[in-house]
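# Structural characterization, general
In case you want the letters, here they are:
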Amino acid sequence: MWLQEELLKSIWHAFTALDADHRGKVSKSQLKVLSYNLCTVMKVPHDPMALEEHFKDDDNGPLSNQGYMPYLSRFILDKVQGDFDLVELNRMCWTLCYKKNIHTRNLLISDNDAFKVWCIFNFLSEDKYPLVIITEEIEYFLRKLMEAMGSVWSEEKFADYKLKLNSKTSLTAWELIELVEVGYFTKGLDRQTLSMGINEVFNELILDVLKQGYMMKRGHRRKNWTERWFVLKPTKLSYYVCEDVEEKKGDIILDQSCCVESLPDKEGKKCLFIIKCVDKSFEISASDKKKKQEWIQAIQTCIQLLRVGLSSPHREARRRRRELRQRQQVDDEDLANRMKQLQAANESKQKQLEAMRMKMEETAAKATFEELMRKKTQLDLQDRYRLDLEREKMVRQQMEEQVAQKSSELEQYLQRIRELEDMYHQLEEALEDERQAKQEEEVMRKLQARLLEEEAAKRAELEQLHLKQQRALCQTKAEKQELMVEHLAKERDLQSATLQLERLERERHGALQQYEEVSRKLERAATKTKTWKDKVAKHEGLVRLIQPGDKGPQRITNWGPASFTDAELELRKKSWQESKKQEAQAQ
């Protein structure tokens, strides 16, 4: 049974064509005629009173699309049984709408080809109104068309076409027909080739024709071989007298229990295969081995689709493409949201950095002002010290002149020695003043050093502010490197697990070596124990057979009187000495 969404698309075109004023409303009389024609084509009983009952509260003026669609679904589409001709329904809706949208001119395609492109548009368009076909489906249709015409698909040409569309990502039915008419993608092809390509794509997508062609079929009664035109659809394999598909000779109904098998050549017929159904089997002969294999694979594909309960392959592929686009749209929305969040976070970081920059500029300006004041104070102090030094130098020069004068006077006037001594004391006081001046200069140097230390401290504060800014910048980089850190952590875990496995392997190997060493020690201990047992057994007196003793003098040993003869005791002594030598050599 046809899906209501596919039927509604054709009816929507008819309703839109009846809306002459483009207000989304159509008169009730026109809707009555449209409803009657729809019921006739789809073989649904027509109830003329149902429309009146449905719109009894809306008698003022024309009726809207929102009001007519519920009536259409309830009284017409819900009653459809699926035994009507879909092409006839599309042809009726096409007759209502194409004259208002297609103007007569020199076209590359005929009206019948335009009708088929219109049907293909309805099949590939989105389930949203007004109907449009998106760029991905346009590419799918054009690829199918070029493949049907035996031409090579050009990615560069389609990319140029998308650039011409600019921001437009979809076309209406009439824009798609115009795209095929202008021959942008079919340059160099004649009208007949284009028509055959459109017809092949129409049969494949709209009529669900998976494969068609001439083959020989064996009759059930007369067992003769007759050439027939076979048309394969998802649920049946029909055969006709010729390829105009006007005179049908029969159908081979395909179901889950059917199977197709290859047959060996017989009775002069080659490339044979058989289709086994529940009630009968059909023997068919293809023209060559390649066609035979293609027909077997196509029929097996139909049977497998029926077994898994899927619809036609093209409807299933269209559903998968739509699901893929929906998932991609959701992923794009998630990515856009993430980008917005990152952009907001980046703006916040930029604001923080701008605030920190302003603070740093204020701090730098303040530090510059303080530096200028410090330099000004230092220059003032230096000027003051320079004046003092010049004054001291002048005083010293005067005192030197006085000393020279006194010296000359000393040679001349010896009686003024006391006065010269007084002047000498004054000179010492002047030197003391000079030393004090030097001490004051040292104090000023220390003051200058302290000011330089304060300057270094302020410079350190500026460097700390700079480091804070760098850390804030590194934090944004750290967020980008979190994924890398997680990846490295996983690699480190894997390496640690590998190292632990190697360590366990080494421990197992060491334990095995210890086990072998203990085993060797046990073997040596067992050998030594056995040796000692043998020695004890040799020296044990009770093991020896009781024999009559010598009548000579008896020798007393650890085993009692008369346990050994002198000869036996000598033999045992030699044996014991040899065993001791062997043990010493072994050690």
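Residues numbered from 1 in each chain as written. Predicted model: local features only at pLDDT ≥ 70, side-chain atom pairs only at ≥ 80, totals over all residues. Heavy atoms only, no water.

### Description of helix 6 (residues 111–124)
Given a rise of 1.5 Å per residue, 14 residues ought to cover 20 Å, and the 20 Å separating the end C-alpha atoms of helix 6 matches this to within 8%. Helix 6 sits mainly inside the fold: 12 of its 14 residues count as buried. Inspection of helix 6 places Asp113, Ala114, Phe115, Lys116, Val117, Trp118, Cys119, Ile120, Phe121, Asn122, Phe123 and Leu124 among the buried residues, and these make up the whole buried set. (Helix = DSSP H or I, 4+ residues; strand = E, 2+ residues; numbered from the N terminus. Expected span 1.5 Å × (residues − 1). Buried < 20%, exposed > 50% of the residue type's maximum accessible area, 1.4 Å probe, protein only.)

### A few points about the packing of aromatic side chains
All chains considered together, the criterion is met by 12 aromatic pairs. With 5.6 Å between their ring centres and 50° between their planes, Trp94 and Trp118 make a pair best called tilted. In this pair, Trp94 is assigned in helix 5 (residues 86–101) and Trp118 in helix 6, connecting sequence segments 24 residues apart. Each of the two residues, Trp94 as well as Trp118, counts as buried. Between Tyr214 and Trp229, the ring centres sit 4.8 Å apart and the planes meet at 75°, which makes this aromatic pair edge-to-face. Taken as a pair, Tyr214 in strand 5 (residues 211–218) and Trp229 in strand 6 (residues 225–232) lie far apart in primary sequence, 15 residues in all. What makes Trp229 buried here is its relative accessible area of 10%. Over the face of the ring belonging to Phe123 we find Arg318, whose NZ or CZ atom lies 4.3 Å from the ring centre. If you follow Arg321 out to its NZ or CZ, it ends over the ring of Tyr140, 3.8 Å from the centre. (Phe/Tyr/Trp six-rings, centres within 6.5 Å; stacked < 30°, edge-to-face > 60°. Lys NZ or Arg CZ within 6 Å of the ring centre and 35° of its normal.)

### A closer look at the confidence of the model for the chain
Predicted coordinates in regions of low pLDDT should not be interpreted in detail. Considering every residue of the chain, the mean pLDDT works out to 81; 90% of them sit at 70 or more. In the model, residues 541–546 has pLDDT below 50 throughout and makes 5 contacts with residues more than four positions away in sequence or in other chains. (pLDDT = per-residue confidence, 0-100. Contact = heavy atoms within 4.5 Å.)

### Concerning the side chain of Lys217
Note on placement: Lys217 falls in strand 5. It is Glu283 that comes nearest to the buried, bridge-free Lys217 among opposite-charge side chains, at 10.0 Å. (Lys, Arg positive; Asp, Glu negative; His and termini not counted. Salt bridge = Lys/Arg side-chain N within 4 Å of Asp/Glu carboxyl O.)

### Re the sheet that holds strand 5
The 7 strands lie next to each other as 8-7-6-5-11-10-9, forming an open sheet whose pairing is antiparallel. Only two strands of the sheet have a single partner each, and these edge strands are strand 8 (248–253) and strand 9 (259–263). Averaged over all pairs of adjacent strands, the angle between their axes in this sheet comes to 35°, without regard to strand direction. Of the pairings in the sheet, the one linking strand 9 to strand 10 (residues 272–276) comprises 5 bridges and is antiparallel in character. Each bridged residue has a counterpart across the sheet, and for Cys259 the counterpart in strand 10 is Lys276. In this fold helix 11 (residues 289–308) packs onto strand 5, strand 6, strand 7 (236–240), strand 9 and strand 10, with an angle of close to 160° to the strand it touches most, strand 9. (Pairing = 2+ DSSP bridges. Axes fitted to C-alpha atoms, helices over the stretch in contact; angles between N-to-C directions.)

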